[in-house]
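Notes for the structure review
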Amino acid sequence: MESSTRRQATRQKLYEAAVTLIAEQGFSATTVDEIAERAGVAKGTVYYNFASKSVLFEELLRHGVGLLTTSLRDAAQKTDERGGSKVDALDAMIRAGLVFIDEYPAFTQLYVAELWRTNRAWQSTLAVVRQEAVAVVEGVLRGAVASGELSEEIDVPLTAAALVGMVLVAALDWQAFQPERSLDDVHAALSLLLQGRVGGSPSLTRKA
């Protein structure tokens, strides 16, 4: 019987193989044989861990967004432990998101692409895990409103989704079209947007 640690390592290999292949050639064109070969395991090992290629991809989405959610939550928690403000926590979450995307670019490309597809078997799972990530940001935004750092007039759910979307799209644009920029450079630009100081303009969301 495969140990829990060994099985987790095997599943991680399969996740990495699948995400790379699907990013390169698409879901339909990728076969289980190719995933097994890329992961360095037997084809039967894929089916031992996942019932089908679709189940593997669904679990891949769940796993990847779970890692992102954890990194966002940890960033907010560490900021709180240091005595930082809620806006500081949001800024730390932006950086954590950029770090995640820089580390897992192929997964991020797949995730963003799947958000816009319809009639996929894993659509409901994708909606659930997306909301888990957005909910972490919502929680910090609500805290910022409660503490008076942000206006009570902001639409928390929409603002949370917008912040997550901003990081995803900006990071993909950075990697595809502005790779010469550093992560610090991109983070600084997004931080200015968060603080509402782009072009020296006062914040539209912060209370006077």
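This is a predicted model, so every value here is computed, not measured.

Analysis parameters
Residues numbered from 1 in each chain as written. Predicted model: local features only at pLDDT ≥ 70, side-chain atom pairs only at ≥ 80, totals over all residues. Heavy atoms only, no water. Axes fitted to C-alpha atoms, helices over the stretch in contact; angles between N-to-C directions. Helix = DSSP H or I, 4+ residues; strand = E, 2+ residues; numbered from the N terminus. Parallel < 35°, antiparallel > 145°, perpendicular 65-115°, else oblique. Left-handed = near helix turned anticlockwise from the far one by under 90°. Contact = heavy atoms within 4.5 Å. Nonpolar A, V, L, I, M, F, W, Y, C, P; charged D, E, K, R; others polar. Phe/Tyr/Trp six-rings, centres within 6.5 Å; stacked < 30°, edge-to-face > 60°. Buried < 20%, exposed > 50% of the residue type's maximum accessible area, 1.4 Å probe, protein only. Lys NZ or Arg CZ within 6 Å of the ring centre and 35° of its normal.

**Re the packing of helix α7 (residues 123–146) against helix α8 (residues 156–177)**
Across the interface, α7 lies against α8 with an axial gap of 8 Å and an inter-helix angle of 120°. The orientation of α7 with respect to α8, classified from their angle, is oblique. The hand of the α7/α8 crossing is right-handed. Between α7, through Arg130, Val134, Val137, Glu138, Leu141, Arg142 and Val145, and α8, the contact on the second element is made entirely by Val156, Pro157, Thr159, Ala160, Ala161, Leu163 and Val164. Among the residues forming the contact of α7 with α8, the class breakdown is ten nonpolar, one polar and three charged.

**With respect to the packing of aromatic side chains**
Enumeration according to the criterion identifies seven aromatic pairs in this entry. Ring geometry for Phe27 and Trp122: centres 4.9 Å apart, planes at 65°, overall edge-to-face. With Phe27 in the loop between α1 (4–25) and α2 (32–39) and Trp122 in the loop between α6 (105–115) and α7, the pair connects residues that are 95 residues apart, well separated along the chain. Overall, the relative accessible area of 13% leaves Phe27 in the buried class. Relative to Phe107, the ring of Phe100 lies with its centre 6.2 Å away and its plane at 90°, an arrangement referred to as edge-to-face. What makes Phe100 buried here is its relative accessible area of 6%. Stacked on the ring of Phe27, the Lys or Arg Lys53 has its end atom at 4.3 Å from the ring centre.

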